[in-house]
Amino acid sequence: LRFSCRLGGGLVQPGGSLRLSCVASRSIFSNDATVWYRQAPGKEREWVAGIVSAGYITYTDSVKGRFTISRDNAKATMFLQMNSLKPEDTAVYYCNLVSYSGMNYWGKGTQVTVSS
């Protein structure tokens, strides 16, 4: 499985919004877990948001109320809508899929910079 990340990253001002998307090379199955991670300079990769089996959604505390994760299984697309962006959201963002069988796939990162 491979990912193709669409345009969506880039430079935004604090308080702005950005939408990230990744398209997988196959349909997303209901039992697949789809997750967004991010990695800031000098820091370890961090879980941001995820959709796991049965559609359960979870977010890291720092983005709750601001970010929304979603996916279109038939179109093999996963999304991360980011609102009210803060400078501390600056990072390289990665999409990730873990299949029901346990296979782990990563998309290429996209840079998000929040700055005036």
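Residues numbered from 1 in each chain as written. Predicted model: local features only at pLDDT ≥ 70, side-chain atom pairs only at ≥ 80, totals over all residues. Heavy atoms only, no water.

(A) How the structure looks around the packing of aromatic side chains. All told, the structure shown has three aromatic pairs when counted by the stated rule. Ring centres 5.9 Å apart and planes at 80° place the aromatic pair Tyr 37 and Trp 47 in the edge-to-face group. Residue Tyr 37 is located in strand 4 (residues 33–39), and its partner Trp 47 is located in strand 5 (residues 46–51); the two are separated by 10 residues in the primary sequence. Judged by its relative accessible area of 31%, Trp 47 falls in the partly exposed class. (Phe/Tyr/Trp six-rings, centres within 6.5 Å; stacked < 30°, edge-to-face > 60°. Helix = DSSP H or I, 4+ residues; strand = E, 2+ residues; numbered from the N terminus. Buried < 20%, exposed > 50% of the residue type's maximum accessible area, 1.4 Å probe, protein only.)

(B) Region of the structure containing the pairing of strand 7 (residues 67–72). Only one face of strand 7 is covered, namely the one carrying Phe 67, Ile 69 and Arg 71; the face carrying Thr 68, Ser 70 and Asp 72 has none of its residues buried. Here strand 7 runs beside strand 8 (residues 77–82); their pairing, made up of six bridges, is antiparallel. The residue bridging Arg 71 from the neighbouring strand is Met 78, located in strand 8. (Pairing = 2+ DSSP bridges.)

(C) Representation of the sheet that holds strand 7 within the structure. One open sheet accounts for four strands, arranged 1-3-8-7; its pairing is antiparallel. Pairing within the sheet leaves two strands with one partner each, and these edge strands are strand 1 (3–5) and strand 7. Recorded for the sheet is a direction-independent mean angle of 20° between the axes of neighbouring strands. As defined by bridge partners, strand 1 adjoins strand 3 (residues 18–24) across three bridges and the pair is classed as antiparallel. Within strand 3, the position partnered with Phe 3 by the bridge is Ala 24. (Axes fitted to C-alpha atoms, helices over the stretch in contact; angles between N-to-C directions.)

(D) Quick peek at the side chain of Thr 110. Secondary-structure assignment places Thr 110 in strand 11 (residues 110–114). The class for Thr 110 is buried, based on a relative accessible area of 18%. Excluding residues within four positions of it along the chain, Thr 110 makes contact with Gly 9, Leu 20, Ala 91, Val 92 and Tyr 93. (Contact = heavy atoms within 4.5 Å.)

(E) Representation of the pairing of strand 11 in the model. Only one face of strand 11 is buried: it carries Thr 110, Val 112 and Val 114, and the other face, with Gln 111 and Thr 113, is open. Note: strand 2 (residues 10–12) against strand 11, three bridges, orientation parallel. Following the sheet pairing, Leu 11 is matched in strand 11 by Thr 113. The sheet contact formed by strand 9 (residues 91–98) and strand 11 spans three bridges and is antiparallel. Its bridge partner lying in strand 11, Val 92 is registered against Gln 111.

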